[in-house]
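The primary structure of each chain is shown beneath.
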Amino acid sequence: MVQSLEEAVKQGIRIAAVKCTQEAMSIDTPPQEILDALVRGMDDVGRRFKINEIFVPEMLIAARAMKESIAILEPVLVEAGIKPEFTALIGTVQGDLHDIGKNLVGMMWKGANFQVIDLGSNVPPAKFAEAVLAHKPDVVGLSALLTTTMPLMKDTVEAIREKVGDTVKIVIGGAPVTQDYADEIGADGYATDAASAVDLVRDLIGAQTG
Ligand code: B1M
């Protein structure tokens, strides 16, 4: 059953994913096993996205299948005391309204079983810093799509470091952003796309969620 579930997520077949989740639950499959199948499915989606075998629409469709399955599974996960081990905070920096890439990164992180707190777009540095203090995430993701808003990434990194120093990993991404820029502003990492953002964060925080 969990194999069919994994396949349904890989193919982005929402109805099949939901049905498989319900069936797996009805025969008392351990919730962790069901969750692992969902994560494996999304991992495969990320892998194929990175090699341009699939594109943004397919990834969105697979993420939706995963999301609906998780929604059904959630009460059982809660009951079993299974919760994501890692928390990620994400947002698009101040002045920037582009959120499609940021949303994709958030979805892939959720697919990797991180708890994701999404601050939205046009997020001022101080708001990021306050949210880091409040939620104590393992990682913060900053997205920017405009050359004019890239400098806000630097301000945001500084605002976060001022509050919590190096205790949180900060990763950045977005079309105009580069690894050199990440190094320049003292971010811990840069990812070119949403699937690579999963690998990057797993490496940085040593998460064995895959
Ligand atoms: Co805007 N826009 N836009 N826009 N827009 C661009 C970015 C632009 C390249 C178009 C162009 O001129 N060719 C250009 C930027 C030029 C520049 O700065 N170099 C531009 C401009 C100029 C503007 C306005 C200034 C236009 C104007 O009003 N004069 C304005 C600015 C508004 C603002 O933000 N303050 C504006 C507005 C808009 C819309 C609101 C209309 C809309 C955004 C809707 C929304 O997001 N809700 C929009 C759109 C859709 C685009 C384009 C067409 C598409 C962006 C997108 O969503 N791509 C874009 C041109 C283009 O890219 N073809 C453009 C798909 C998305 C999946 O890719 O976001 O790159 P992307 O995310 C990727 C990676 O970058 C990475 O992963 C994702 C894929 O896996 N990634 C991360 C992203 N964030 C990451 C974070 C990570 C890791 C990886 O770690 C945390």
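Going along each chain's sequence as written, the residues are numbered from 1 onward. Two thresholds apply to this predicted model, a pLDDT of at least 70 for residue-level local features and 80 or more for giving and counting side-chain atom pairs, whereas whole-chain, interface and lining totals are computed over all residues. The side-chain numbers reported here are obtained from all heavy atoms of the structure, hydrogens and water having been left aside.

1. Considering the pattern of salt bridges
The salt bridge criterion pairs a side-chain nitrogen of Lys or Arg with a carboxyl oxygen of Asp or Glu, the two atoms within 4 Å. Per the stated rule, a full pass over the model turns up 13 salt bridges. With a closest N to O distance of 3.5 Å, glutamate 23 and lysine 19 form a salt bridge. Placement of both glutamate 23 and lysine 19 in helix α2 (residues 14-26) is noted, with a separation of four residues, approximately one turn of the helix. Judged by its relative accessible area of 30%, glutamate 23 is partly exposed. With its nearest N and O atoms 3.2 Å apart, the salt bridge here joins arginine 202 to aspartate 43. In this pair, arginine 202 sits in helix α9 (residues 194-205) while aspartate 43 sits in helix α3 (residues 31-50), placing the two residues 159 residues apart along the sequence. Arginine 202 sits in the buried class, given a relative accessible area of 13%. Note on exposure labels: buried denotes an accessible area under 20% of the residue type's maximum, exposed denotes more than 50%, and partly exposed covers the range between, all computed with a 1.4 Å probe on protein chains only. Assessed through its relative accessible area of 26%, aspartate 43 is described here as partly exposed. Secondary structure follows DSSP: runs of H or I at least 4 residues long count as helices, runs of E at least 2 residues long count as strands, and numbering of each begins at the N terminus.

2. Overview of the layout of surface pockets
Cavities and pockets were defined on a 1 Å grid built over protein atoms only: a cavity is a set of grid points that admits a 1.4 Å probe from which the probe cannot escape, a pocket is an open set flanked by protein on both sides within 12 Å along at least five of seven lines, and lining residues are those with an atom within 4 Å of any such point. Grid points are joined across faces, edges and corners, and a volume is the space filled by probe spheres set on the points. Taken as a whole, the largest pocket spans an internal volume of roughly 420 Å³. Ile70, Glu74, Pro84, Lys110 and Phe114 are the residues nearest the centre of the largest pocket, which is lined by 19 residues in total. Among the secondary structure elements, those contributing two or more residues to the lining of the largest pocket are α3, α4 (56-79), α5 (100-111) and β2 (115-118). Ranked by the residues each element gives to the lining of the largest pocket, the list is headed by α4, at seven residues. In the lining of the largest pocket, the residues fall into twelve nonpolar, three polar and four charged. As annotated, the domain borders come from an automatic or database domain assignment. Each of domain 1 (2-79) and domain 2 (86-205) accounts for three or more of the residues forming the lining of the largest pocket. Space inside the second largest pocket adds up to approximately 350 Å³. In this structure, the second largest pocket is lined by 25 residues; those nearest its centre are Gly101, Val105, Gly173, Gly174 and Thr192. Note on residue categories: nonpolar means Ala, Val, Leu, Ile, Met, Phe, Trp, Tyr, Cys or Pro, charged means Asp, Glu, Lys or Arg, and polar means any other residue, Gly included.

3. Let's talk about unusual backbone geometry
You will see that aspartate 28, though not glycine, has its phi angle at about 60°, which is positive. The topology assignment puts aspartate 28 in the loop between α2 and α3. Its identity as a non-glycine residue notwithstanding, lysine 136 has a phi of 45°, on the positive side. With respect to the helices and strands, lysine 136 occurs in the loop between α6 (125-135) and β3 (139-143).

4. Considering the site of the ligand
Nearness here has a simple test: a residue counts as near a molecule or strand if at least one of its heavy atoms is within 4 Å of that partner. Taken together, the neighbourhood of the ligand is formed by 26 residues, with Leu97, His98, Asp99, Ser143 and Ala194 sitting nearest. Any pair of N or O atoms that falls within 3.5 Å is considered a polar contact. Within protein, one atom must be able to donate a hydrogen and the other to accept it, and sequence-neighbouring residues count only if both atoms are side-chain atoms. Backbone polar atom of threonine 147 to an oxygen atom of the ligand: 2.9 Å apart, as the coordinates give it. When residues of the shell around the ligand are assigned to their parent elements, the largest contribution, four residues, is made by α5. Of the residues in the shell around the ligand, the class split is 14 nonpolar, nine polar and three charged.

5. Here we look at the nonpolar core
Nonpolar core, defined: a set of buried Ala, Val, Leu, Ile, Met, Phe, Trp, Tyr and Cys residues in which side-chain atoms within 4.5 Å join the residues together. Of all hydrophobic cores here, the largest spans 42 residues; its most connected members are Leu5, Met42, Met59, Trp109, Phe114 and Val201. Looking at this core, the elements that each hand over two or more residues are α1 (2-11), α2, α3, α4, β1 (87-92), α5 and α9. For this core, the domains that each give at least three residues are domain 1 (2-79) and domain 2 (86-205). In this structure, Met153, Val157, Val177 and Tyr190 belong to the second largest nonpolar core, which totals 26 residues.

6. Points about the domain arrangement of the protein chain
Interface size is often expressed as the accessible area that is lost when the parts come together. Here the domain parsing of the protein chain yields domain 1 (2-79) and domain 2 (86-205). Put simply, the middle of domain 1 and the middle of domain 2, counted by C-alpha atoms, are 25 Å apart. Should any heavy atoms of two residues lie within 4.5 Å, those residues are counted as being in contact. Facing twelve residues of domain 1, the contacting portion of domain 2 comprises 13 residues. Overall, the association of domain 1 and domain 2 removes approximately 1000 Å² of surface from exposure, summing both partners, and the carbon and sulfur fraction of that is 73%. Connecting domain 1 to domain 2 are two salt bridges. There are two residue pairs in polar contact (both at pLDDT 80 or more) connecting domain 1 and domain 2. If one sorts the elements of the side of domain 1 that touches domain 2 by residue count, α3 sits on top with seven residues. Partitioned by chemical class, the residues of the side of domain 1 that touches domain 2 number nine nonpolar, one polar and two charged. Buried area counts how much accessible surface, traced with a 1.4 Å probe, disappears from two parts once they are put together, with both parts' losses summed.

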